[in-house]
Amino acid sequence: MNKRNKLLANIAFIALSAILLTFLLRAPAETTAKLPSDDEHSPFFTMGKKEAESHCQSCHNEDEVQFPADHPDKNRCLFCHKRQ
């Protein structure tokens, strides 16, 4: 590879990196609520994700704490609601 091709490759790499960095820096802030650090949720911080998620629907259901109408799949709570 001659010097000109190396220079073009470097410029392309820098341009692509700048575009990617700009895209990542402009991403919106995370808006999903985190798992609360209260007495009701504290046992779930020590469990595995799947085990903890198996308990969510005992309170988060149509009768108690309802989901918004546009809420996604209700079986993967800790996929979006991260532990603090």
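What you see as residue numbers is a count from 1 along each chain, following the sequence as written. Thresholds applied to this predicted model are a pLDDT of at least 70 for local features of residues and 80 or more for the giving and counting of side-chain atom pairs; totals over whole chains, interfaces and linings are not thresholded and use all residues. Remark: hydrogens and water are excluded; side-chain values derive from all non-hydrogen atoms of the structure.

What follows is about a nonpolar patch on the surface. A cluster of nonpolar side chains, contributed by L7, L8 and I11, occupies part of the molecular surface with about 290 Å² of accessible area. Mapped onto the secondary structure, L8 falls in helix α1 (residues 3–25). Note on exposure labels: buried denotes an accessible area under 20% of the residue type's maximum, exposed denotes more than 50%, and partly exposed covers the range between, all computed with a 1.4 Å probe on protein chains only. Residue classification places L8 among the partly exposed residues on the basis of a relative accessible area of 45%. Candidates for patches are residues over 30% relative accessible area with no salt bridge; among them, like charges are joined within 9 Å and nonpolar side chains (Val, Leu, Ile, Met, Phe, Trp, Tyr) within 5 Å. Only the protein chains shown count as cover for residues, and the accessible areas themselves come from Shrake-Rupley with a 1.4 Å probe. One side-chain nitrogen of Lys or Arg within 4 Å of one carboxyl oxygen of Asp or Glu is enough to make a salt bridge. Helix numbers and strand numbers start at the N terminus; a helix is a DSSP run of H or I with at least 4 residues, a strand a run of E with at least 2.

The subject of this paragraph is the environment of A52. Relative to the helices and strands, A52 is located in helix α2 (residues 49–56). Separated by 43 residues in the primary sequence, A52 and A9 place their C-alpha atoms 49 Å from one another.

With that out of the way, let us pick up the side chain of H41. Tracing the chain through its elements places H41 in the loop between α1 and α2. Owing to a relative accessible area of 14%, H41 belongs among the buried residues under this scheme. Polar side-chain contacts of H41 include one of 2.7 Å to the side chain of D38. In this view, H41 contacts L35, P36 and H60; residues no more than four positions away in its chain are not counted. Whenever a nitrogen or oxygen atom comes within 3.5 Å of another N or O atom, the pair is scored as a polar contact, on the condition that within protein one atom can donate a hydrogen and the other can accept it, and that pairs from neighbouring residues in sequence are kept only if both atoms are in side chains. Any pair of residues with heavy atoms lying within 4.5 Å of one another is described as a contacting pair.

The next point concerns the pattern of salt bridges. Applying the stated criterion to the full structure yields one salt bridge. With a closest N to O distance of 3.8 Å, R76 and E53 form a salt bridge. Pair noted here: R76 is in the loop between α2 and α3 (77–80) and E53 is in helix α2, with a separation of 23 residues, a long-range link. Since its relative accessible area comes to 8%, E53 is described here as buried.

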